[in-house]
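# Observations on chain architecture
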Amino acid sequence: MRESVLDEGHPAYQRFLDCFAAGASLQDIYSESSEGFGVRERQPLADPQAERRLRAACRTQFERVFSHTLNLAEPIDRTVGLAGKMVLDFGSGTGALAVAVALKGATVTASDPTPVSLEACRWRATYFGLDEARVRTVRLDVRPGLPFEDGSFDMVTCNSVFEFIPADREAYVRELVRVIRPGGHLVVSTENGLYPRDYYTRRWFPLWRRREMQRQNVPYGMTYFELRRWLRASGRRLVDRSVLNEFNSLDNFIARRDRDSRGTKLVATANDLVKRVFRVLGLPSQLLFPYTTFIFELH
């Protein structure tokens, strides 16, 4: 699914807008609580300019389903397949990734601690013709722990979540691993904690400033090596599918440009060289980018 014309008059979209106006966005959730979760109640605005800004922001949020399809759902589908899979989307927010994955044929459980975000997710799914049998929602506690049996899912996806969890990240990872069946997959998309400049706060050298960022309750990235260490500590055997480089950010840049132009050819050649070098090193080339996606197969 590529960019489409958004029908802002659709009843489901109007209900999504109502949820958005009530605070259904990840940034609001983070800013309201030292635990990283909460709800900011917000009323529809009477001022015409403010209402236009609200609607523009809502449209941007809603249209993320298209970018998530291109940048996440399609690469996941190419790498391991999504049709017929039982998928848990952890920290689903308003459901952009949950819906994108469901549209590739998966049955998705969208989970989040914020009721208004889950309601927005349901309306987003309705807009795209997905019923509760394809996208169901489950409210989570703000503490580590998932209300699911061991091995309940073929895959867990987690997009733009860990940077907004201030502490106990390893405990959350253990829970995600627990609910993945043998041979299943974990997909984590998050800001790169190794990158020299923080993706959200724009602060330099965030890895050295973590305690400061925790005290201030602002987002900070997780590193690939932390995630891999926590996964190995679970005792499960890992196959690192990240090294296939299906999520390389330059691929998307190249796809948007004229492939016949000299500049694009040079970028594509350099990109292929970087991929080969990192594959030899046994590392994902995503480590070079400010925002990263990693995929692991768990046995």
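Everything here concerns the structure above.
Anyway, here's the lowdown on the structure attached to this text.

About the criteria used
- The residue numbering used here restarts from 1 in each chain and proceeds along that chain's sequence as written.
- Owing to the predicted nature of the model, reporting of local features is limited to residues with pLDDT of at least 70; listing and counting of side-chain atom pairs is limited to 80 or more, with chain, interface and lining totals taken over all residues.
- Computation of side-chain values covers all heavy atoms of the structure but excludes hydrogens and water.
- Only runs of H or I of at least four residues qualify as helices and only runs of E of at least two qualify as strands under DSSP, and these elements are numbered from the N terminus.
- Here's how the labels work: a residue is buried when its accessible area is under 20% of the maximum for its type, exposed when over 50%, partly exposed in between, all with a 1.4 Å probe on protein chains only.
- By definition, residues are in contact when any of their heavy atoms lie within 4.5 Å.
- With residues, only the protein chains shown are counted as cover, and all accessible areas are computed by Shrake-Rupley using a 1.4 Å probe.
- A strand pair is defined by DSSP finding two or more bridges across the two strands.
- When a carboxyl oxygen of Asp or Glu lies within 4 Å of a side-chain nitrogen of Lys or Arg, that pair is called a salt bridge.
- The axes used here are C-alpha line fits, helices contributing only the stretch in contact, and every angle between their N-to-C directions lies in the interval 0 to 180 degrees.

## Points about the overall build of the chain
A count of helices and strands for the chain gives 11 helices and seven strands. Going through the 299 residues of the chain one by one, you find that 52% of them count as buried. Relative to all contacts within the chain whose residues are 6 or more apart in sequence, the contacts with residues 24 or more apart total 72%. Carbon and sulfur atoms make up 52% of the accessible area of the chain, which totals about 14000 Å².

## Digging into the pairing of strand β7 (residues 291–298)
Looking down a regular strand, the side chains alternate between one sheet face and the other. Counting buried residues in β7 gives eight out of eight residues, a clear majority hidden from the surface. Where burial is concerned, the two faces of β7 agree: the one with Y291, T293, I295 and E297 and the one with T292, F294, F296 and L298 are both buried. With eight bridges joining them, strand β5 (residues 180–191) and β7 adopt antiparallel strand pairing. The residue bridging G184 from the neighbouring strand is L298, located in β7. In this structure, strand β6 (residues 238–240) lies alongside β7, joined through three bridges in antiparallel fashion. Paired with D240 across the bridge in β7 is F296.

## Details of the pattern of salt bridges
Evaluated as defined, the whole model comprises 13 salt bridges. Here R209 makes a salt bridge to E212, at a shortest N to O gap of 3.2 Å. For R209, a relative accessible area of 28% puts it in the partly exposed group. Among the salt bridges present, the one from R210 reaches E226, with a minimum N-O distance of 2.5 Å. Of this pair, R210 sits in helix α8 (residues 210–215) while E226 sits in helix α9 (residues 224–233), and the two are 16 residues apart along the sequence. Of the two residues, R210 and E226, neither departs from the other in class, the shared state being buried. Among the charged side chains, a salt-bridge network with shared partners connects D150, E175 and R178.

## With respect to the sheet that holds β7
Pairing is mixed in the open sheet, where seven strands are placed in the order β3-β2-β1-β4-β5-β7-β6. Each of the sheet's edge strands pairs with one partner strand only, and the pair in question is β3 (135–139) and β6. Across the sheet, the mean angle from the axis of one strand to that of its neighbour is 20°, orientation sign disregarded. Across the sheet, helix α4 (residues 64–80) is in contact with β4 (153–159), β5 and β7; its angle to β4 comes to roughly 150°.

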